[in-house]
Amino acid sequence: MSKRLIVAIDGPAGSGKSTSAKLVAQKLGYLYIDTGAMYRTVTYLAINNNVLKNKHAIINLAMNSNIVLKFIDGVTHVSVDGNDISEHIRLPEVNLNVSDISTIEEVRKILVDKQRKLAEENCGVVMEGRDIGTVVFPDANVKIFLIASIDERARRRAKEYDEKGVTITLEEVKANLQQRDKIDSTRDVSPLTKAPDAIEVDTSNVSIQQQVDLILGHVKQAAKKEGIELGNL
Ligand code: DC
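Definitions and limits used
Residues numbered from 1 in each chain as written. Predicted model: local features only at pLDDT ≥ 70, side-chain atom pairs only at ≥ 80, totals over all residues. Heavy atoms only, no water. Near = heavy atom within 4 Å. Polar contact = N/O pair within 3.5 Å; in protein donor to acceptor, adjacent residues only side chain to side chain. Helix = DSSP H or I, 4+ residues; strand = E, 2+ residues; numbered from the N terminus. Nonpolar A, V, L, I, M, F, W, Y, C, P; charged D, E, K, R; others polar. Expected span 1.5 Å × (residues − 1). Buried < 20%, exposed > 50% of the residue type's maximum accessible area, 1.4 Å probe, protein only. Arc of directions from axis to C-beta. Contact = heavy atoms within 4.5 Å. Axes fitted to C-alpha atoms, helices over the stretch in contact; angles between N-to-C directions. Parallel < 35°, antiparallel > 145°, perpendicular 65-115°, else oblique. Left-handed = near helix turned anticlockwise from the far one by under 90°. Pairing = 2+ DSSP bridges. 1 Å grid on protein atoms, 1.4 Å probe; cavity = no way out; pocket = protein on both sides within 12 Å on 5 of 7 lines; lining within 4 Å. Points joined across faces, edges and corners; volume = space filled by probe spheres on them. Salt bridge = Lys/Arg side-chain N within 4 Å of Asp/Glu carboxyl O.

A short note on the site of the ligand
Then, number 1: Near the ligand, the surroundings consist of 17 residues, among which Arg40, Arg108, Asp131, Arg180 and Asp184 are the closest.
Then, number 2: Within the side chain of aspartate 131, a nitrogen or oxygen atom sits 2.8 Å from a nitrogen atom of the ligand.
Then, number 3: Residue arginine 187 places a side-chain N or O atom 2.9 Å away from an oxygen atom belonging to the ligand.
Then, number 4: A per-element tally of the shell around the ligand places helix H2 (residues 35-48) first, with four residues.
Then, number 5: Residues of the shell around the ligand, tallied by class, amount to two nonpolar, five polar and ten charged.

Observations regarding helix H1 (residues 17-28)
Then, number 1: Over its twelve residues, H1 extends 16 Å from the first C-alpha to the last, a length consistent with the 16 Å expected when each residue adds 1.5 Å.
Then, number 2: By the burial criterion, the buried members of H1 are Lys17, Ser20, Ala21, Val24, Ala25 and Leu28. Down the axis of H1, the buried side of the element spans an arc of 130 degrees, and every buried residue falls inside it.
Then, number 3: Close packing links the buried residues of H1 with strand E1 (6-10), strand E2 (31-34), strand E6 (125-129), strand E7 (142-147) and helix H9 (208-226).

Remarks on the packing of helix H7 (residues 150-164) against helix H8 (residues 170-186)
Then, number 1: Where H7 meets H8, the closest approach of the two axes is 9 Å, and the angle between their N-to-C directions is 120 degrees. Classed by the angle they form, the pair H7 and H8 counts as oblique. Taken as a pair, H7 and H8 cross one another with a handedness that is right-handed. Facing H7, whose interface residues are Ile150, Asp151, Arg153, Ala154, Arg155, Arg157, Ala158 and Tyr161, H8 presents Leu170, Val173, Lys174, Leu177, Gln178, Arg180 and Asp181.
Then, number 2: Here the contact of H7 with H8 is built from residues that sort into seven nonpolar, one polar and seven charged.

Re the side chain of aspartate 34
Then, number 1: When you line up the elements, aspartate 34 lands in strand E2.
Then, number 2: At a separation of 3.1 Å, a polar atom in the side chain of aspartate 34 contacts the main-chain amide nitrogen of glycine 36.
Then, number 3: Aside from chain neighbours lying at most four places away, what touches aspartate 34 is Leu69, Thr76, Arg90 and Glu128.

Some words on the sheet that holds strand E4 (residues 75-80)
Then, number 1: Strand order across the open sheet formed by three strands is E3-E4-E5, with antiparallel pairing between neighbours. In this open sheet, the two edge strands, each paired with only one partner strand, are strand E3 (67-72) and strand E5 (83-84).
Then, number 2: Sheet topology places E3 next to E4; six bridges connect them, and they run antiparallel. Bridged to isoleucine 72 within E4 is valine 75.

Remarks on empty space enclosed by the protein
To find the voids left in a structure, one rolls a probe of water-molecule size over its atoms.
Then, number 1: Within the structure shown, the criterion is met by one cavity of 30 Å³ or more.
Then, number 2: Size it by volume and the largest cavity reaches roughly 30 Å³.
Then, number 3: Considering the residues around the largest cavity, the lining is formed by Ala8, Asp10, Gly133, Thr134, Lys143, Ile144, Phe145, Thr193, Lys194, Ala195 and Ala198.
Then, number 4: Where the lining of the largest cavity is concerned, the elements lending two or more residues are E1, helix H6 (132-136) and E7.
Then, number 5: The biggest single contributor to the lining of the largest cavity is E7, with three residues.
Then, number 6: The residue inventory of the lining of the largest cavity, partitioned by class, reads five nonpolar, three polar and three charged.

Details of the pattern of salt bridges
Then, number 1: Applying the stated criterion across every chain yields a total of twelve salt bridges.
Then, number 2: Where lysine 174 meets aspartate 151, a salt bridge forms, and the shortest distance between an N and an O atom there is 2.8 Å. Residue lysine 174 is located in helix H8, and its partner aspartate 151 is located in helix H7; the two are separated by 23 residues in the primary sequence.
Then, number 3: Given the relative accessible area of 48%, aspartate 151 is considered partly exposed.

Right under this line is the structure:
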């Protein structure tokens, strides 16, 4: 297999990771991997099995469930043991609990192993999350850290809920984001933090096209450095 790049995109919820990571992957013809979907899946399983407070049971669920991610028509589809749970993992109840589940070290280890395997098998990935540039792929060729103001992030998430017909106020969305930011960035294991060599991009007042072009610019530089062909870019 020819040599390809690993592009890591990290940042808090609503910073524009998914939107830009998907488009960058599409442009490169690389695999897009949404690692948040994996933590959401374990959270949904914990809720569904009524074991939110039972760490041991949650670790077992993470270990023994066959979590499969498929990216179809711009959407990450998740199935567990053959059941499609793509809609369930975006529910407000999952949002409320996912940061706590993500603090469990053993769960992280199981999911990080999965993420590394996916990249190995596919060669050429754009992976988004919280710890991709720091822990999952500290040697990623391109590391991007996206940020945006809390008001802009809340506005983006509220719009997504609205489009799905979920009733939730802007204040509730904002409070949930702030709570998740706090847990995600202060946890002991793999906290949300910018890798020293990551490029920080504030997306508050930047169009999606500008974000994508900026990231692709860094990808082109990395490809040149590695002597990697990027096809029609
Ligand atoms: O990207 P997202 O909002 O779907 O992620 C959901 C949660 O999963 C997020 O609040 C923290 C956790 N997460 C993580 O801890 N590490 C990752 N690599 C990705 C997500």
